[in-house]
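Each chain, letter by letter, is given below.
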Amino acid sequence: QVQLVESGGGLVQAGGSLRLSCAASGRPFSWYTMAWFRQAPGKEREFVAGLSRSGGGTMHADSVRGRFTISRDNAKNTGYLQMSSLKPEDTAVYYCAVAQGTTIWKDPSGYNSWGPGTQVTVSS
């Protein structure tokens, strides 16, 4: 089974940028569709962005489109989420997840491996 660990979270002012990383181990990262989700206190986990195994297909939530970009480097077994023009409402714990197959699921139940998450806090 693949193990995932996120990094790169932190505190940033509104309008700033962060890059999150998702390091995979245990299985070739290239085998999996990957996605980023986030969960704010008191809210359900929500889809942020997804990326196909080869990196050729992407999907971004409407709330982040044009500000966030998902990418991956299969040679490094690492996925990324570049976040810019951050807003206070982007504050959440961000999770990396992977799924076998080719579908980019917006539902968390479509993913069978998750990282522990990394906190992103955007101050106004």
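Above this note sits the structure.
Residues numbered from 1 in each chain as written. Predicted model: local features only at pLDDT ≥ 70, side-chain atom pairs only at ≥ 80, totals over all residues. Heavy atoms only, no water.

### Brief notes about the pattern of salt bridges
Quick note on the threshold: Should a side-chain nitrogen of Lys or Arg be within 4 Å of a carboxyl oxygen of Asp or Glu, the pair is scored as a salt bridge. Only protein chains enter the calculation, and the probe is 1.4 Å; a residue is then buried if its accessible area is under 20% of its type maximum, exposed if over 50%, and partly exposed in between.
Going through the model one piece at a time under the given rule, you end up with four salt bridges. Here arginine 38 and glutamate 46 are joined by a salt bridge, their closest N and O atoms 2.6 Å apart. When its relative accessible area of 34% is taken as the criterion, glutamate 46 is described as partly exposed. In this structure, aspartate 90 engages arginine 38 in a salt bridge whose closest nitrogen and oxygen atoms are separated by 2.9 Å.

### Quick word on the nonpolar core
The condition is simple: Buried Ala, Val, Leu, Ile, Met, Phe, Trp, Tyr and Cys residues form a nonpolar core when they are joined through side-chain atoms within 4.5 Å. Helix and strand assignments come from DSSP, with helices taken as H or I runs of at least 4 residues and strands as E runs of at least 2, each series counted from the N terminus. Whether two residues are in contact is decided by their heavy atoms, any of which lying within 4.5 Å being enough.
If you look at the biggest cluster of nonpolar residues, it comprises 35 residues, and the most contacted ones within it are Trp36, Leu81, Met83 and Tyr94. Counting residues per element, the ones that place at least two in this core are β3 (18-25), β4 (32-39), β5 (46-51), β7 (68-73), β8 (78-83), β9 (92-100) and β11 (118-123). The element that contributes the greatest number of residues to this core is β9, accounting for six residues. In contact with leucine 81, not counting residues within four places along its chain, are Leu18, Arg19, Leu20, Trp36, Val48, Ala49, Phe68, Thr69, Ile70 and Tyr94.

### Some words on the packing of aromatic side chains
Under the convention used in this document: Classification of ring pairs uses Phe, Tyr and Trp, with its six-membered ring standing for Trp, and accepts pairs whose centres are within 6.5 Å; under 30 degrees between planes counts as stacked, over 60 as edge-to-face, and the remaining range as tilted.
Enumeration according to the criterion identifies five aromatic pairs in this entry. Centroid distance tyrosine 95 to tryptophan 114: 6.4 Å. Interplanar angle 80°. Geometry classified as edge-to-face. In this pair, tyrosine 95 sits in strand β9 while tryptophan 114 sits in strand β10 (residues 113-114), placing the two residues 19 residues apart along the sequence. The buried category is assigned to tyrosine 95, whose relative accessible area is 13%. Ring centres of tyrosine 111 and tryptophan 114 lie 6.3 Å apart, and the angle between their planes is 75°; this geometry places the pair in the edge-to-face category. Owing to a relative accessible area of 5%, tyrosine 111 belongs among the buried residues under this scheme.

### Considering the sheet that holds β3
Adjacent strands of a sheet form backbone hydrogen bonds with each other and so pair up, either parallel or antiparallel. Which entries qualify depends on this criterion: We treat two strands as partners when DSSP finds at least two bridges between them. Here the axes come from fitting lines to C-alpha atoms, over the contacting stretch only for helices, and the angles between their N-to-C directions go from 0 to 180 degrees.
Within the open sheet, the four strands sit side by side as β1-β3-β8-β7. Their pairing is antiparallel. Strands with a single pairing partner mark the edges of an open sheet, and in this sheet they are β1 (3-7) and β7. Here the average twist between neighbouring strands, direction ignored, is 15°. Bridge count between β3 and β8: six bridges; the pairing is antiparallel. Following the sheet pairing, arginine 19 is matched in β8 by glutamine 82.

### What to know about the state of the cysteines
Applicable threshold: Criterion for a disulfide: a pair of cysteine sulfur atoms at a distance within 2.5 Å.
If you walk through the whole model with that rule in mind, you get one disulfide. In this model cysteine 22 forms its disulfide with cysteine 96; the gap between the sulfur atoms is 2.1 Å. Where cysteine 22 bonds to cysteine 96 through sulfur, the torsion about that S-S bond is close to -75°, and the disulfide is left-handed. Residue cysteine 22 is found in strand β3, and its partner cysteine 96 is found in strand β9; the two are separated by 74 residues along the sequence. The pair cysteine 22 / cysteine 96 is uniform in exposure class, with both members buried.

### A word on the environment of glycine 56
With respect to the helices, strands and loops of the structure, glycine 56 is situated in the loop between β5 and β6 (58-60). Placed 44 residues apart in sequence, glycine 56 and valine 12 show a C-alpha to C-alpha distance of 30 Å.

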